[in-house]
Structures are given as structure tokens and as C-alpha cells.
Amino acid sequence: MSDTERSLPAIKKLSYAVGHFLNDLCASMWFTYLLVFYHSVLGFQSTYAGMLLLIGQIADAVSTPLIGYESDQTPGCGTYGKRKTWHLMGTLCVLLSFAFIFNQCLGCSFLTPQWVSVIFFAPFIIIFQFGWAAVQISHLSLIPELVTCEHAKVELTAYRYAFTVLANITVYGVAWLLFHFQAGDENNPVIDALGPADITIFRNLALSVLGIGTLFSIIFHVGTTERRTLTGDQERQQEEDKERDEEQVPLLHQPKTSSSALQWKCWLRQPSFYQVALLYMLTRLIVNLSQTYMSMYLVNTLQLPKNFIATIPLVMYLSGFFSSFIMKPLSKRIGKYVTYFVGLLLILAFASWVLLDERMGQRVYGAALLLGAGSATILIMSLAMTAELIADQTRSGAFVYGAMSFTDKLANGVAVMIIQVLHPCRTVACCPACVWFYHYTMVIVTGGVALMAALAICSIFIWPIRIRPNAAPAISEVEGRLN
């Protein structure tokens, strides 16, 4: 089937694009509000709060490659399609678990030992991360099965990203409304501080996320039709039949493209694989850790009203969204590597501002614009460099993305746990020491990691991304045929 034969009408593109909306809503809450909810609202010790996030990141890192492999092998439920079957399974896991994560432990009180609450929350976090990974992988895997034209694939990805932006705006907008209605017309400083009274705020936010996300998931499953594909066993049988047919053809007429395809073991011998993996991991550390600790920095270091944990992330995301429009023309003019370095300069400008301006106050809006634009720039460019690494090796591209995702999620979880262990306060309320702690945490997770990313991008300047010739498999293949 040619590229022009398989395309989607506009309504089908929209129905596909909303299929990841529930995931985007939940991910926004997870990275922005998880630590602040468990530490500042439920009063967990910093190590327990970090442990729960680490459990989630490990569960996600382990689930991603396993689900990717299994979703390729299983045929799906009846005629429903294997991708949509896994998507539906993941959606149900998310719906059944997420509301329990942003709520108080059932049957617990503030006198209940915190380790009991951790045991209660851990299974729900694991189920949620498994479901989230199932939805993410199945939704991405649908793109090459719905369309074949490269332009159409890019268009579906653009639609998908547009709803990711809308999801983040929705979360922060609903959070602002909930805080606004809670405050009412009173100007009570107690209301401006996070505490147990805000459990209902985060519970209602989680329920709103699930309600909105469920609606869009239904639209996806009703409006998206998955074409039937071969399972892993059927593909292997087809390849075996093809090999038997090729044995009837003289050796000199064998196509050379088959031996040039990289297997997953071959990627491990490619230096560029490790260069890009390191750069992508550092990029994700900057983006995710700054998003995770921004709320703690706002309420504990800058001592701003709690509605700022909704407005500042919103400003950051809108800044990143609008700056993404200039990424394509800018990267065409100065190249991906230099554009990435420009994003690092914005991150370093933010870190310097935070370091020097200890009483930032309302000026944090300006700093948020820098961080949002810089984060979007380095994230988009790191993804472009990953695609450059894969190039035409699309058959093993899933392994590359899976490996990048595994290191990213594991590194984020470990980094958060280290920061939480170093936290100077063990009480419910923030002690005076945590004021400078979150101040320097924001400087390090942005400026410090950005300096390491600068070294990584310099290595790519010196040794550009390229795939070394994979001659060994070709030779062994020829020898095997001659024997």
C-alpha cells in the first residue's frame, strides 16, 4: 500500500489525538503536585514522599519495555485490535488507581504511622504507572499503523502535542479555580498556606482530571479504528517463509539492506547511542525536577500564596508552547546543536536569577518565562537528536526510545530520592532551614544539571552523531550462507 493510499480524515485525526489526554492530565498532576501534596498537605516526612515518587518512577521504567514487547506479541481482544486493547487496559488501570493517590489513606488519621500510609499508597502508584505506560506505548504505536506518509505521521504527532498543551492548561486552570473558590473573598493568611485543609482541593482536582480524561478516552475508542496487523509469532513465521524463498535466489542477487539493520545488541556498541542517551537523560532531569520542585520553592522559599503553584506552572508551560513555534526555523538556521545550547543559556539565566534574587516575589513570573522557554527548547532538540540517531533504523527504534525512557525515569526517581534524603526538615511544617534548601535545590537542578548538559552537547560537537558501519553481521551472514 502506498503512502497516499492510507490517510485519515480530520475527525479521525482528532479522535486519535485525544487518546493521550487522560495520560497528559495525570502526568501534569504527578510531576507538579505529588511531592507538595504528600509533604506539605499530608505531612509526610521528606524521605517517605520521595520514596513514593521513586516507586512510581521505577514501576514506569520497568513497565515501559515489558509492555512494549508484549503489545507487539499479543493479538488483542477479538477484533478490537492489539493497540486499542492495551490502551483500554491501561485506561482502566489509571481510572481505578489515580484518585487514591491524591487522597488521604482510607481508614487512616494523622495519628497513623506514616509507613502504613506508604504501604497503602504504593500499590495504587504501581497500578497507575503500569496503566500510564500501557496507554502511552499503545497510543504512540498506533501512529505508523494509522498512516504511512511521513507528513501524516508528523501531523498526528502535532495534533497529539496540541492536546498535551491543552491538558496542562486544564490542570493548572482547574487548580487555580479550586484555590480561588476556597479562598473566597476573605484575606486570611492561614488560607494561603498549604495544609490538611487542602486534601479536598487535590482530591477534587484528581476527580476532575479523571472525569475529563474519561470523556476524551471514550471519544478515542469510539472514533479510532485500528487496522489488523500481524502478531509477533505471525511476523516471525512470515520472515522464515521469506528466508526460505530467498535461499532459492543466487547469493550475488541478495539484497544488502537486511544485513544493515541494527539489532538491539548492536546499539550497545554505538558510542553515539550513549552520547544521546546521556543528553536526553540530563534534559529530562532539568525539565522534570524543575517542574517537581517549583511548587516547593514557591510556597517554602518565596513564601508566596498557594495559588501560585497553579499560575507559575501555567506561565512556564505557555512560555514553552509559544517558544516551540520558533524552534523549527531557528534550528534550520543555526542547527539543532546550537539551538539546544541557546536553550541551555535560558536555563542558566533562570538559575542565575534564582541564585542572586533571594526575595524574588512577583518577579518569579519573569523567571518562569525563561525556564519555560529554555525547557521546551532543550526537550524538543533532544528528541530531534534522538530521531537523528535512529535515522532509517526504524525496526529497532523502539528499543532506542525504550532505553532513553528507562534511563530518564530511573534517573529522575533516584535524583528526587537523593534530594528528599538531604532535606533538613523532618516535621510537617517547613522549618527555617528548608527556605535555603529549596532555594539551592532549584539552582542545582536547573543550572547545575545544565552545565553537565553543556558538556554532553560539546561532546556531540566534537564527535557528531553517526552510526558506525555494522559489518560483522553481514560477514557472518554471508559465511553462514556459504557453509
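With that settled, the discussion passes to the overall build of the protein chain. Check the secondary structure of the protein chain and you find 19 helices and zero strands. Across the protein chain, contacts joining residues at least 24 apart in sequence account for 83% of those joining residues at least 6 apart.

Before going further, it helps to spend a moment on the nonpolar core. Within the largest apolar cluster, 123 residues are counted, with the highest numbers of intra-cluster contacts made by Y33, Y38, F98, F102, F202 and L298. Those residues in contact with F98 that lie beyond four places of it in its chain are C26, M29, F128, A206, V209 and L210. If you look at the next biggest cluster of nonpolar residues, it comprises five residues, including I67, W86, A134 and I137.

Following the criterion strictly, the structure yields one disulfide and no others. The disulfide partner of C105 is C108, and the gap between their sulfur atoms is 2.1 Å. Judged by relative accessible area, which is 17%, C108 ranks as buried.

What follows covers the packing of aromatic side chains. Counted according to the given criterion, the structure contains 26 aromatic pairs. The interplanar angle of 70° and the centroid separation of 5.1 Å between the aromatic rings of Y38 and F121 together place this pair among those described as edge-to-face. Taken together, the residues Y38 in helix α2 (residues 21-41) and F121 in helix α5 (residues 114-141) connect sequence positions 83 residues apart. Each member of the pair Y38 and F121 is classed as buried. The interplanar angle of 55° and the centroid separation of 5.4 Å between the aromatic rings of F98 and F102 together place this pair among those described as tilted. You'll find F98 and F102 in the same group, each marked buried.

With respect to the helices and strands, I390 occurs in helix α16 (residues 364-390). Note on I390: relative accessible area 6%, which makes it buried. In this structure, the C-alpha to C-alpha distance between I390 and I465, residues 75 residues apart in sequence, is 9.9 Å.

Interpretation of the predicted coordinates at a detailed level should be avoided for regions scoring low in pLDDT. With 81% of its residues at a pLDDT of 70 or more, the protein chain shows a mean pLDDT of 80. No element of the protein chain has a lower mean pLDDT than helix α19 (residues 471-482), which averages 42, and none a higher one than helix α8 (residues 199-223), which averages 93. Across residues 1-5, where pLDDT falls below 50, the model places four contacts with residues more than four positions away in sequence or in other chains. Counting interchain partners and residues more than four positions distant, the pLDDT-below-50 stretch residues 471-483 has 10 contacts.

How each quantity is defined
- Residues numbered from 1 in each chain as written.
- Predicted model: local features only at pLDDT ≥ 70, side-chain atom pairs only at ≥ 80, totals over all residues.
- Heavy atoms only, no water.
- Helix = DSSP H or I, 4+ residues; strand = E, 2+ residues; numbered from the N terminus.
- Contact = heavy atoms within 4.5 Å.
- Core = buried A, V, L, I, M, F, W, Y, C linked by side-chain atoms within 4.5 Å.
- Buried < 20%, exposed > 50% of the residue type's maximum accessible area, 1.4 Å probe, protein only.
- Disulfide = S-S within 2.5 Å.
- Phe/Tyr/Trp six-rings, centres within 6.5 Å; stacked < 30°, edge-to-face > 60°.
- pLDDT = per-residue confidence, 0-100.

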